[in-house]
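Spelled out from the first residue to the last, the chains are:
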Amino acid sequence: MGLYIEAHIRSDLDELWARTQDPAEHQRWDFRFTEINHLPRAEGEPQHFRYATRVLPFLTVSGTGVSAGEKVRPDGTRTSALRFSSPHPLSLIAEGSGYWRYVPDGDGVRFLTGYDYRPRWGAFGGLADRLVLRPLMGWATAWSFDRLRLWLERGITPERALVNWCAELVVRALVVTIACTGLGLRSLLRLLGPFAAATAYLCPLLLAVAISLALFKSPLACTPAARRCLRTPPTRMTAPRLLATLEGRS
């Protein structure tokens, strides 16, 4: 598959399954979707669903898909697979497919996904996908997985996690802005009195340290971060056979 994301979540397998398979819970932590709704289905049939993503405040892209899950497997793992498509002319993603795997591992669960999609808009769409959309989708998936981890491990709700992320982003941006512009530096030096000259001499170094910390310091433990997720499969991965059963159903 084109994209691979993995998170180790110290959680009960049943609880993780519920938070990811219930569309009302799923849309709370997954940054890629604004709304997910299951459609009526007959007994024994795969689950069809409708999704929507708010790309801009005035633009929402929607699509449909079909999913199926294996909650009981001989090796103790679980799997779900889906196929999806969007007829919206402004959606760069035309269609795609993917899977989730739930692998019990010691004190938690390896929660991983592999998925790929076909962009539209011809050569331009392919270039836009490689340069912008695909890296963004990989980041958004990893960030969402860590947001889910915080919810399950530490009880930090997805809504609170988003606030934490925004607040930390604002603080980092302010530190960089102040360090680059020297905003309020003269007033601060005047307050230091006889130490002002020595501090002014060290200012370039101190400002460089402040910028480095703002840009590169690891996020706080209560803030979701894509960097905490594995982005390359540790071994060669193959799509589950379950995915083939959904061929032509999306």
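Structure first, text after, so check above.
Residues numbered from 1 in each chain as written. Predicted model: local features only at pLDDT ≥ 70, side-chain atom pairs only at ≥ 80, totals over all residues. Heavy atoms only, no water.

**Regarding the environment of Q21**
Mapped onto the fold, Q21 is located in helix α1 (residues 13–21). A relative accessible area of 25% means that Q21 is categorised as partly exposed. Each C-alpha atom, one on Q21 and one on S67, is 9.9 Å from the other, the two residues being 46 residues apart in sequence. When neighbours within four sequence positions are excluded, Q21 is seen to be in contact with H38, S80, W100 and Y102. Reaching out from Q21, the side chain makes a polar contact with the side chain of S80 at a distance of 3.3 Å. (Helix = DSSP H or I, 4+ residues; strand = E, 2+ residues; numbered from the N terminus. Buried < 20%, exposed > 50% of the residue type's maximum accessible area, 1.4 Å probe, protein only. Contact = heavy atoms within 4.5 Å. Polar contact = N/O pair within 3.5 Å; in protein donor to acceptor, adjacent residues only side chain to side chain.)

**Remarks on the packing of aromatic side chains**
The full count for this structure, using the stated rule, is 15 aromatic pairs. By the ring-pair criterion, three or more aromatic residues cluster together here, those being W17, W29, W100, Y102, F111 and F145. In this arrangement the basic side chain of R32 is found over the ring face of Y115, its NZ or CZ atom lying 5.4 Å from the centre. Above the face of the Y99 ring, R101 is positioned so that its terminal group lies 4.9 Å from the ring centre. (Phe/Tyr/Trp six-rings, centres within 6.5 Å; stacked < 30°, edge-to-face > 60°. Lys NZ or Arg CZ within 6 Å of the ring centre and 35° of its normal.)

**A few points about the pattern of salt bridges**
The full count for this structure, using the stated rule, is 17 salt bridges. R73 serves as the salt-bridge partner of E70, at 2.6 Å between the closest nitrogen and oxygen. On the basis of relative accessible area, R73 is assigned to the partly exposed category, the value being 28%. In this structure, E153 engages R149 in a salt bridge whose closest nitrogen and oxygen atoms are separated by 2.9 Å. Placement of the pair is E153 and R149 together in helix α3 (residues 122–154), with a separation of 4 residues, close to one helical turn. What makes R149 buried here is its relative accessible area of 13%. A single salt-bridge network, built from bridges that share partners, covers R10, D146, R149, E153 and R228. (Salt bridge = Lys/Arg side-chain N within 4 Å of Asp/Glu carboxyl O.)

**As for a nonpolar patch on the surface**
Together, V55, L56 and F58 line one region of the surface with nonpolar side chains, adding up to about 330 Å² of accessible area. With respect to the secondary-structure elements, L56 resides in strand β3 (residues 47–56). (Patch = residues over 30% accessible without salt bridge, like charges linked within 9 Å, V, L, I, M, F, W, Y side chains within 5 Å. Areas by Shrake-Rupley, 256 points an atom, 1.4 Å probe, with all protein chains shown as cover.)

**Some details on the pairing of strand β7 (residues 108–119)**
Pairing analysis gives 7 bridges linking strand β1 (residues 3–9) to β7, with the strands arranged antiparallel. Each residue of the ladder has a partner; that of A7, found in β7, is F111. As judged from the 12 bridges shared by strand β6 (residues 93–105) and β7, these two strands associate in the antiparallel manner. Bridging from a neighbouring strand, P104 pairs with V109 of β7. (Pairing = 2+ DSSP bridges.)

**Considering helix α4 (residues 158–181)**
An ideal rise of 1.5 Å per residue puts 34 Å on 24 residues; α4 measures up with 34 Å between its terminal C-alpha atoms. Of the residues making up α4, those classed as buried are P158, A161, N164, E168, R172 and A179. (Expected span 1.5 Å × (residues − 1).)

**Thoughts on the sheet that holds strand β5 (residues 78–85)**
Within the open sheet, the 7 strands sit side by side as β1-β7-β6-β5-β4-β3-β2. Their pairing is antiparallel. The sheet is open, and its two edges are formed by β1 and β2 (35–38), each paired on a single side. Going across the sheet, the axis of each strand differs from the next one's by a mean of 20 degrees, ignoring polarity. On top of the sheet, α1 reaches β1, β2, β4 (59–70), β5, β6 and β7; it is set at about 165 degrees to β6, its chief contact. Running at roughly 160 degrees to β7, α3 makes contact with β1, β6 and β7 of the sheet. (Axes fitted to C-alpha atoms, helices over the stretch in contact; angles between N-to-C directions.)

**Description of the pairing of β4**
For a regular strand, side-chain orientation follows a simple rule: the groups alternate between the two sheet faces. Alignment of β3 against β4, held across 9 bridges, turns out to be antiparallel. Considered in β4, the bridge of T53 is made with V61. Where β3 folds back onto β4 in an antiparallel hairpin, the turn is made up of 2 residues. Of the strand pairs in this sheet, β4 and β5 are connected by 7 bridges, and their pairing is antiparallel. Among the inter-strand pairings, E70 is bridged to a residue of β5, identified as T79.

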